[in-house]
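The residues making up each chain are set out below.
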Amino acid sequence: MILWAQAKINLGLWVGPRQPTGYHLVDTVMYPIEVKDRIVLEPSHTLRCDSDTPGVPVGEQNLMMRAYHWAREHWGPLPTVRMAVQKQIPLGAGLGGGSADAGAVLRWAWHELGFGPPPAVEGTEAIGMDVPFFVSGRPARARHYGELLTPVADRLQGFWVVLANPGWPLATHVVYRAWDEVGRESDNRISEVIEGIERGELAVDGLQNDLEKAAFRVDPRLQAFRQALERWLFPVPCFLSGSGATYYMLGSDPADPEWAYWAQDRLRDRGVAWVMAARLGMGKDEE
Ligand SMILES: C[C@](O)(CO)[C@H](O)COP(=O)(O)OP(=O)(O)OC[C@H]1O[C@@H](n2ccc(N)nc2=O)[C@H](O)[C@@H]1O
Ligand SMILES: Nc1ncnc2c1ncn2[C@@H]1O[C@H](COP(=O)(O)OP(=O)(O)OP(=O)(O)O)[C@@H](O)[C@H]1O
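Residues numbered from 1 in each chain as written. Chains lettered and ligands numbered in written order. Predicted model: local features only at pLDDT ≥ 70, side-chain atom pairs only at ≥ 80, totals over all residues.

(A) Main features of the site of ligand 1. If you check the shell around ligand 1, you find 20 residues, and the closest are Gly 128, Met 129, Asp 130, His 173 and Gly 242. Breaking the shell around ligand 1 down by element, the ones donating at least two residues are β1 (2-18), β2 (24-43) and α4 (172-182). For the shell around ligand 1, the element with the highest residue contribution is β2, accounting for four residues. In the shell around ligand 1, the residues fall into seven nonpolar, twelve polar and one charged. (Near = placed C-beta within 6 Å. Helix = DSSP H or I, 4+ residues; strand = E, 2+ residues; numbered from the N terminus. Nonpolar A, V, L, I, M, F, W, Y, C, P; charged D, E, K, R; others polar.)

(B) Spotlight on the sheet that holds strand β7 (residues 160-165). A sheet is described by the order of its strands in space; here four strands give the open sequence β8-β9-β7-β10, paired in antiparallel fashion. Strands with a single pairing partner mark the edges of an open sheet, and in this sheet they are β8 (239-240) and β10 (274-279). In the sheet, β7 pairs with strand β9 (residues 247-249) via three bridges, with the strands oriented antiparallel. Bridge pairing links Ala 164 to Tyr 247 in β9. (Pairing = 2+ DSSP bridges.)

(C) Region of interest: the nonpolar core. Residues Met 64, Ala 67, Val 105, Val 161 and Ala 215 are the most contacted members of the largest nonpolar core, which totals 88 residues. What Val 105 contacts, discounting residues up to four positions off in sequence, is Met 64, Ala 67, Tyr 68 and Met 83. (Core = buried A, V, L, I, M, F, W, Y, C linked by C-beta atoms within 7 Å. Buried ≥ 20, exposed ≤ 12 C-beta atoms within 10 Å, placed from the backbone. Contact = placed C-beta atoms within 7 Å.)

(D) Up close: the packing of helix α1 (residues 63-74) against helix α2 (residues 97-112). Two numbers describe how α1 lies on α2: the axes approach to 8 Å, and their chain directions differ by 30°. Here α1 lies roughly parallel to α2, going by the angle between them. Helix-helix and strand crossings are classified by hand; for α1 and α2 the assignment is right-handed. Of the residues in α2, those touching α1 at Leu 63, Met 64, Arg 66, Ala 67, Tyr 68 and Ala 71 are Gly 98, Ser 99, Asp 101, Ala 102, Val 105, Leu 106 and Ala 109. A class-by-class count of the residues in the contact of α1 with α2 yields nine nonpolar, two polar and two charged. (Axes fitted to C-alpha atoms, helices over the stretch in contact; angles between N-to-C directions. Parallel < 35°, antiparallel > 145°, perpendicular 65-115°, else oblique. Left-handed = near helix turned anticlockwise from the far one by under 90°.)

(E) Expanded view of the UniProt feature "domain: GHMP kinase N-terminal" (unreviewed entry) in the protein chain. The sites that UniProt annotates as "domain: GHMP kinase N-terminal" (unreviewed entry) are residues 62-137. Note that residues 62-137 is 45% helix and 8% strand, and that its end C-alpha atoms are spaced 20 Å apart. (UniProt positions renumbered as here; feature names shortened; annotations may be inferred.)

(F) Main features of the UniProt feature "active site" (unreviewed entry) in the protein chain. In the numbering used here, UniProt assigns the feature "active site" (unreviewed entry) to Lys 8 and Asp 130. Judged by maximum C-alpha separation, these annotated positions cover 123 residues in sequence but sit close together in space, the widest gap being only 9.6 Å. Note that Lys 8 resides in strand β1. Residue classification places Lys 8 among the buried positions, given that 30 C-beta atoms sit within 10 Å. Discounting chain neighbours no more than four positions away, the residues touching Lys 8 are Met 30, Tyr 31, Pro 32, Ile 33, Leu 95, Gly 96 and Phe 133. Position of Asp 130 relative to the elements: it lies in the loop between α2 and α3 (131-136). Since 28 C-beta atoms lie within 10 Å of it, Asp 130 is described here as buried.

(G) Region of the structure containing α4. If you check which residues of α4 are buried, you get Thr 172, Val 175, Tyr 176, Ala 178 and Trp 179. Projected onto a plane normal to the axis of α4, the buried residues spread over an arc of 160° and lie on a single side. Exposed side of α4, more than 90 degrees from the buried face: His 173, Asp 180 and Glu 181 are the residues found there. (Arc of directions from axis to C-beta.)

(H) Focus on the pairing of strand β5 (residues 140-143). Here β2 runs beside β5; their pairing, made up of three bridges, is antiparallel. Bridge assignment links Thr 28 to a residue of β5, and that residue is Ala 142. Taken together, the four bridges between β5 and strand β6 (residues 148-151) define a ladder with antiparallel strand orientation. When the sheet's bridge partners are listed, Arg 141 is paired in β6 with Thr 150. Count of turn residues in the β5/β6 antiparallel hairpin: four residues, of which His 144 carries a positive phi of about 55°.

(I) A look at the site of ligand 2. In the vicinity of ligand 2 lie 21 residues, with Leu 63, Gly 97, Gly 98, Asp 101 and Thr 172 positioned nearest. Every element with two or more residues in the shell around ligand 2 is listed here: α1 and α2.

Here it is in structure tokens:
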């Protein structure tokens, strides 16, 4: 069986102070995007988790394995399988790659156990704060530590964006740690973003990512990367997803793929390590 694990982008991200738990309060909209990992699941005599992508942990360190164990413990017995992931989502990119894979395994487990849709997300934050979103797979506002979800209208489905990643990762916990030093709470404009989505628009003036300054601090190359993107795609603004290092950009008519493909070619010509024109919204779950 083939499972598809879709990435997300954050449409705005506001961060509050670190709590005694070690986590920060956040407020963001997470939107699925059609960049996806391919996971092959097959019956096996022993439980295994592999990947042919360099840098992806295999075995117990992989989030798919943690998701499998979690589902078996909390939902019920599962067949013994080999899980193999082919990554398309870049690593440490703010696109939620590992959490997306975990979400896909949990969705499979829910279905496998004969429970009806939608899969329950409760408790899955034990695997990662982004995981409940990936289990649900639907556009949502995410609050508290990111696990508290409220559905958001799926009115941006089909919008074209171009994603650009500089080719090196940023570790989420390091960026949050840097936020403790340089971060400042900013005006929360998420209602503008949500109202825009309800009208079928992306309110770009309200999009802001509080982690960006912290990410610049962790790796100053990111600021130079952003400046280069802005120069190459002028006058289009760039928005950082999650804890970075991926930026997304959209043209004046996001329903039209032409600008996204033009931008994709232009950034590839300029040597950007990973670039992809992709649509927002939910794709198919499995093959
Ligand atoms: C940046 C975002 O992707 C935005 O959606 C998320 O906030 C990160 O979610 P995630 O990668 O699923 O995060 P986790 O794997 O749960 O946590 C990784 C590390 O990030 C930090 N972390 C994460 C979420 C949060 N609300 N506050 C935090 O401070 C913690 O140091 C934690 O140890
Ligand atoms: N299935 C997986 N795919 C990718 N990385 C994984 C996986 N399982 C565990 N990891 C580990 O998780 C780390 C972070 O990976 P990931 O790509 O999810 O980060 P991210 O995109 O920054 O996530 P987020 O947006 O949730 O902060 C990787 O460097 C890797 O060590």
